[in-house]
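In case you want the letters, here they are:
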Amino acid sequence: MGTKKSVTKKVQISIDKKLANDAEAIFEDIGLNQATALTVFYKKVVAEGGLPFDLKQTPEQRRNCQLHEALTGIPVQKLESRGQIETWFKDETQDY
């Protein structure tokens, strides 16, 4: 009598605790446990040949990137003393 070869694979991950708890609450509401939910996700990945959803930046993330790019080229003057700050505020060429 031979030994039965395992047909399952153990997958262990670390994930943000709040995210995991929030997701598990939803799984429970729809009658799934974590293992079943992940199995469904894996099956969907295989069936579609990739992730079953689009990964995109949120509009807020896009705006933040655009803002960062716009600010990158702006020269910044480091003001380290009270006198430098007062001079900067008195400078009529400053656009603030």
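In the block above lies the structure referred to throughout.
Residues numbered from 1 in each chain as written. Predicted model: local features only at pLDDT ≥ 70, side-chain atom pairs only at ≥ 80, totals over all residues. Heavy atoms only, no water.

**Quick notes on the overall build of the chain**
Each helix and strand in the chain was counted, giving 4 helices and 0 strands. Walking the chain from its N terminus toward its C terminus, one meets helices and strands in the order α-α-α-α. Expected size for 96 residues packed as a compact globule is a radius of gyration near 12 Å; at 27 Å, the chain overshoots this value by more than 25%. Taking the principal axes of the C-alpha coordinates as reference, the chain spans close to 90 × 35 × 30 Å. Here the chain, with 96 residues, has 2% of them falling under the buried criterion. Across the chain, the 14 positively charged side chains and the 14 negatively charged ones have centroids separated by 14 Å. (Helix = DSSP H or I, 4+ residues; strand = E, 2+ residues; numbered from the N terminus. Rg over C-alpha atoms; globule rule 2.2 N^0.38 Å. Buried < 20%, exposed > 50% of the residue type's maximum accessible area, 1.4 Å probe, protein only. Lys, Arg positive; Asp, Glu negative; His and termini not counted. Charge placed at Lys NZ, Arg CZ, Asp CG, Glu CD.)

**So, the packing of aromatic side chains**
A complete count under the given rule lists 3 aromatic pairs for this structure. Considering the side-chain rings of Trp-88 and Phe-89, the 5.1 Å spacing of their centres and the 80° angle between planes classify their relative orientation as edge-to-face. Ring pairing ties together the aromatic residues Phe-41, Tyr-42 and Phe-53, which thus form one cluster. (Phe/Tyr/Trp six-rings, centres within 6.5 Å; stacked < 30°, edge-to-face > 60°.)

**Focus: the pattern of salt bridges**
Pairing of side chains with opposite charge becomes possible as their charged atoms draw close. One pass over the structure, following the stated rule, counts 5 salt bridges. A salt bridge links Lys-18 to Asp-22; the shortest N-O distance between them is 2.7 Å. Placement of the pair is Lys-18 and Asp-22 together in helix α1 (residues 17–29), with a separation of 4 residues, close to one helical turn. Residue Lys-18 is classed as exposed on the basis of its relative accessible area of 56%. Of the residues examined, Asp-22 reaches a relative accessible area of 38% and is grouped as partly exposed. (Salt bridge = Lys/Arg side-chain N within 4 Å of Asp/Glu carboxyl O.)

**Observations regarding helix α2 (residues 34–48)**
The end-to-end C-alpha distance of α2, which contains 15 residues, comes to 21 Å, matching closely the 21 Å that a straight helix rising 1.5 Å per residue would cover. Sitting at the amino-terminal end of α2 is Asn-33, which places a side-chain oxygen 3.1 Å from the backbone nitrogen of Ala-35. Count one or two residues on from α2 and you reach Gly-49, which has phi positive near 70°. (Expected span 1.5 Å × (residues − 1). Polar contact = N/O pair within 3.5 Å; in protein donor to acceptor, adjacent residues only side chain to side chain.)

**Here we look at a nonpolar patch on the surface**
Side chains of Val-11, Ile-13, Ile-15, Leu-19, Leu-38, Phe-41, Tyr-42, Leu-51, Phe-53 and Leu-55 sit close together on the surface and give an oily, nonpolar patch of about 970 Å² of accessible area. Examining the composition of the nonpolar patch, we find that 3 residues originate from one element, α2, more than from any other. With respect to the element layout, Phe-41 can be found in helix α2. (Patch = residues over 30% accessible without salt bridge, like charges linked within 9 Å, V, L, I, M, F, W, Y side chains within 5 Å. Areas by Shrake-Rupley, 256 points an atom, 1.4 Å probe, with all protein chains shown as cover.)

**Let's talk about the environment of Lys-44**
With respect to the helices and strands, the residue Lys-44 is situated in helix α2. Residue classification places Lys-44 among the partly exposed positions, given a relative accessible area of 41%. Look past the residues within four positions of Lys-44 in its chain and what remains in contact with it is Gly-50 and Pro-52. (Contact = heavy atoms within 4.5 Å.)

So, to be careful, I would describe these as geometric facts and stop short of saying anything about function.
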